[in-house]
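# Tertiary structure, described
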Amino acid sequence: MESFGASIQFDRRLASYDIQGSIAHAQMLAHCGILSKSDSEKMVKGLKEILASIGKGEFVWSGRLEDVHTHIESALREKIGDIADRLHTARSRNDQVVLDLRMYLKDEISKIVSLIQQFQKAFLTLASNNDDLIIPGFTHLQRAQPVLLAHHLLAYVEMLQRDGERLQDALRRLDALPLGACALAGTSFKIDRSFVAKKLGFSRILENSMDAVSDRDFVIEVASALAILGVHLSRLSEEMILWSSFDFGWIELPDAFTTGSSAMPQKKNPDVFELIRGKSGRLIGNLSRLLVMLKGLPLAYNRDLQEDKEAIFDSIDTVKASLSILIYLLPLIQFRPEALKEEEDFSSALDMAEYLVKKGVPFRQAHAVVGEAVSYCLDQNKTLKDLILIEVQKFSKYFESDFKNCLGWNASVNSKVSQGSTNPKLVKKEIEKWERRIQNTEDRRQNK
Ligand code: ARG
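Scope of this entry: the structure provided in the associated data block. Being a predicted model, the structure only gives us computed values, none of them experimental.

### A short note on the site of the ligand
- In the vicinity of the ligand, the residues found are Ser7, Asp67, His69, Arg93, Asn94, Val97, Tyr301, Gln306 and Lys309.
- Between serine 7 and the ligand, the recorded distance is 3.4 Å, taken from a side-chain N or O atom to a nitrogen atom.
- The contact in question runs from a nitrogen atom of the ligand to an N or O atom on the side chain of asparagine 94, over 3.0 Å.
- It is helix H6 (residues 93–129) that provides the largest number of residues to the shell around the ligand, a total of three residues.
- Tallied by class, the residues present in the shell around the ligand amount to two nonpolar, four polar and three charged.

Written out as structure tokens, the structure reads:
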């Protein structure tokens with residue numbers, strides 16, 4: 001039972017938060033006259049020493065004791081004797097463990113948000129380095145309309161922005177102190193929860209003691225934001241894997257981030273992207289682990305809740321590792337312009353229809369006319385650019401001598417004028433906007 005119930009193998013990563021929480025709790029107990037000043041000071045001193053010894057890697061984790069909370073308390077008893085037995089007054093491991101987890105998540109979210117921002121910068125670097133490249137844009141993985149590569153990359157900057165915002169939104173909600181809920185009902189001691197909240201940097205306290213010890217929605221929200229982020233990273237990875245394949249040949253991945261095959265000498269495999277795509281499964285799995293863990297639990301604390309930690313720790317570690325490697329890898333990707341030379345792929349067909357609409361043809365009719373022109377080209381083994389005026393006038397009398405101006409990749413991207421479109425001037429402005437936006441948040445963080 002002891003080894004089955006133990007969580008020390010994984011919850012030791014909460015040690016520094018557990019100690020900070022205990023320090024604030026001991027100070028509050030003295031502040032409220034529940035503990036003598038000298039006992040509280042001895043506890044604080046002892047706890048700080050334990051924190052230092054953990055920091056130096058000197059602390060011995062015995063494995064005999066169940067969890068991080070019992071470890072720290074027992075280490076304190078070894079240091080200061082029986083006085084340590086008073087620390088757990090007006091507290092329970094039930095509110096203590098939620099406190100630790102909330103403090104841990106606050107720190108980790110800030111770290112991930114800053115990694116997200118560095119990753120956005122990596123996208124901007126890649127976009128500016130290749131700002132004149134046009135690629136075929138796809139729907140159904142069939143060539144659809146030409147777009148600027150930079151426009152495609154900026155789509156990920158948008159997704160990542162929302163990922164960061166989702167995490168910050170979860171952070172705002174989880175930034176509330178559970179301590180003082182005790183086992184589930186509160187306590188008969190006149191404690192000062194706001195004192196502890198202030199010491200630990202929480203912006204408010206949780207109002208209902210049973211809610212405080214029994215819910216884990218805050219963990220689920222973070223896991224969910226990370227799962228969505230993982231899905232975005234997976235979609236990116238899928239594209240990079242396709243683009244680096246022989247059949248696309250659009251990009252060259254740096255050797256340091258690829259592997260060869262043990263059997264086939266010609267292989268250069270995009271392992272990093274494959275792993276990130278694969279790891280999105282963990283992030284989705286961890287989210288469902290947490291949802292299933294919580295769904296059948298009657299209030300208040302149940303030991304099932306111990307299962308929250310490995311899931312969320314794994315999601316945090318996975319996302320940090322994936323972002324960290326992508327931040328290095330992304331700017332090193334080389335595009336191969338020779339593989340992105342314009343081909344007649346009929347991707348100007350919609351531009352041709354819009355040309356007719358501008359001459360007064362209703363859109364549906366214009367669509368049908370261009371459809372006929374494309375079939376004709378396929379039959380005759382011609383491209384749209386090969387057609388001459390009398391040929392296209394067989395399909396519509398609205399074609400004039402200027403009709404070829406709308407054809408081709410360059411003409412297509414340059415013709416776009418709507419907000420949020422792939423027009424090169426607009427895309428350039430977007431890159432500049434993101435650069436300023438990210439610079440501003442970095443400046444704000446540094447001034448903090
Ligand atoms: N290790 C436990 C957890 O992670 C800490 C709380 C234990 N509380 C209890 N009543 N057994 O949830």
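Read on for the rest.
### So, the pairing of strand E2 (residues 142–148)
- The pairing of strand E1 (residues 134–139) with E2 spans six bridges and is classified as antiparallel. Its bridge partner lying in E2, isoleucine 134 is registered against leucine 148.
- Hairpin connection between E1 and E2: a loop of two residues separates the two successive antiparallel strands, and histidine 140 in this loop has a positive phi of roughly 55°.

### Remarks on the packing of aromatic side chains
- In total, this model carries 13 aromatic pairs according to the counting rule given.
- Considering the side-chain rings of tyrosine 104 and phenylalanine 313, the 5.0 Å spacing of their centres and the 70° angle between planes classify their relative orientation as edge-to-face. Placement of tyrosine 104 in helix H6 and of phenylalanine 313 in helix H12 (residues 308–329) is noted, with a sequence separation of 209 residues between them. By the burial criterion, tyrosine 104 is buried, and phenylalanine 313 matches it.
- Taken together, the ring pairs connect Phe138, Trp243, Phe248, Trp250 and Phe335 into an aromatic cluster.
- In this structure, arginine 102 packs its charged tip against the face of phenylalanine 218, placed 4.0 Å from the ring centre.

### Overview of helix H3 (residues 15–31)
- Counted at 1.5 Å a residue, the expected span for H3 with its 17 residues is 24 Å, and the 24 Å between its end C-alpha atoms agrees.
- By the criterion of burial, H3 is predominantly enclosed, with 13 of the 17 residues buried.
- Residue glycine 33 follows H3 closely and has a positive phi angle near 75°.

### Let's talk about the packing of H3 against helix H4 (residues 37–55)
- For the pair H3 and H4, interaxial distance at closest approach is 9 Å and the crossing angle is 170°. As the angle between them shows, H3 and H4 are arranged roughly antiparallel. Of the residues in H4, those touching H3 at Ala15, Ser16, Ile19, Ser22, Ile23, Ala26, Gln27 and Ala30 are Lys37, Ser40, Met43, Val44, Leu47, Lys48, Ile50, Leu51 and Ile54.
- Taken together, the residues of the contact of H3 with H4 break down into 11 nonpolar, four polar and two charged.

### Digging into unusual backbone geometry
- Of note, the amide linkage connecting leucine 299 to alanine 300 takes the cis form, showing an omega dihedral of 0°.
- Here alanine 300 shows up in the loop between helix H11 (271–295) and H12.
- Positioned with a positive phi, leucine 141 is a non-glycine residue whose angle comes to about 55°.
- Turning to its location among the elements, leucine 141 is positioned in the loop between E1 and E2.
- Not every positive phi belongs to a glycine, and phenylalanine 346 is a case in point at roughly 60°.

### So, a nonpolar patch on the surface
- Among the surface-exposed residues, Leu184, Met210 and Leu299 lie close enough to one another that they form a single nonpolar patch of about 270 Å² accessible area.
- Looking at where leucine 184 falls in the secondary structure, it is placed in the loop between strand E3 (176–177) and helix H8 (193–200).

### Examining the side chain of serine 347
- Summarising the element assignment, serine 347 is placed in the loop between strand E6 (334–335) and helix H13 (349–358).
- A residue is classified by how much of its surface remains accessible, and serine 347, at 3% relative accessible area, is buried.
- A polar side-chain atom of serine 347 sits 2.6 Å from a polar atom in the side chain of aspartate 345.
- Within the structure, the side chain of serine 347 is placed 3.3 Å from the side chain of tryptophan 409, a separation counted as a polar contact.
- Aside from chain neighbours lying at most four places away, what touches serine 347 is Ala144, Gln145, Pro146 and Trp409.

### Describing the pattern of salt bridges
- Tallied over the full model, the rule gives 34 salt bridges.
- The salt bridge partner of glutamate 49 is lysine 45, with a shortest N-O separation of 3.3 Å. Taken together, the residues span about one helical turn, with glutamate 49 and lysine 45 both in helix H4 at a distance of four residues.
- Residue glutamate 49 is classed as partly exposed on the basis of its relative accessible area of 33%.
- Where glutamate 432 meets lysine 428, a salt bridge forms, and the shortest distance between an N and an O atom there is 3.4 Å. Taken as a pair, glutamate 432 and lysine 428 lie in helix H17 (residues 424–447) at a separation of four residues, close to a single helical turn.
- One salt-bridge network, held together by shared partners, links Glu66, Asp67, Arg93 and Arg303.

### Details of the environment of alanine 212
- If you trace the backbone, alanine 212 turns up in helix H9 (residues 209–214).
- With a relative accessible area of 1%, alanine 212 lands in the buried category.
- For the pair alanine 212 and proline 178, spaced 34 residues apart in sequence, the C-alpha to C-alpha distance is 5.2 Å.
- With sequence-adjacent residues up to four places away left out, alanine 212 is seen in contact with Val98, Pro178, Ala181 and Leu206.

### Here we look at the environment of threonine 70
- By the secondary structure assignment, threonine 70 is in helix H5 (residues 68–80).
- With a relative accessible area of 25%, threonine 70 lands in the partly exposed category.
- As a C-alpha pair, threonine 70 and arginine 93 span 23 residues in sequence and 8.9 Å in three-dimensional space.
- Contacts of threonine 70, omitting those with residues within four sequence positions, involve Leu65 and Arg93.

### A few points about the packing of H5 against H6
- Remark: H5 packs on H6, axes separated minimally by 10 Å, with the N-to-C direction vectors making an angle of 105°. On the basis of the axis angle, H5 is roughly perpendicular to H6. Counting all contacts with H5, which are made through Val68, His69 and Thr70, the residues of H6 involved are Arg93, Gln96, Val97 and Asp100.
- Residues that form the contact of H5 with H6 fall into these classes: two nonpolar, three polar and two charged.

Cut-offs and rules
Residues numbered from 1 in each chain as written. Predicted model: local features only at pLDDT ≥ 70, side-chain atom pairs only at ≥ 80, totals over all residues. Heavy atoms only, no water. Near = heavy atom within 4 Å. Polar contact = N/O pair within 3.5 Å; in protein donor to acceptor, adjacent residues only side chain to side chain. Helix = DSSP H or I, 4+ residues; strand = E, 2+ residues; numbered from the N terminus. Nonpolar A, V, L, I, M, F, W, Y, C, P; charged D, E, K, R; others polar. Pairing = 2+ DSSP bridges. Phe/Tyr/Trp six-rings, centres within 6.5 Å; stacked < 30°, edge-to-face > 60°. Buried < 20%, exposed > 50% of the residue type's maximum accessible area, 1.4 Å probe, protein only. Lys NZ or Arg CZ within 6 Å of the ring centre and 35° of its normal. Expected span 1.5 Å × (residues − 1). Axes fitted to C-alpha atoms, helices over the stretch in contact; angles between N-to-C directions. Parallel < 35°, antiparallel > 145°, perpendicular 65-115°, else oblique. Contact = heavy atoms within 4.5 Å. Patch = residues over 30% accessible without salt bridge, like charges linked within 9 Å, V, L, I, M, F, W, Y side chains within 5 Å. Areas by Shrake-Rupley, 256 points an atom, 1.4 Å probe, with all protein chains shown as cover. Salt bridge = Lys/Arg side-chain N within 4 Å of Asp/Glu carboxyl O.

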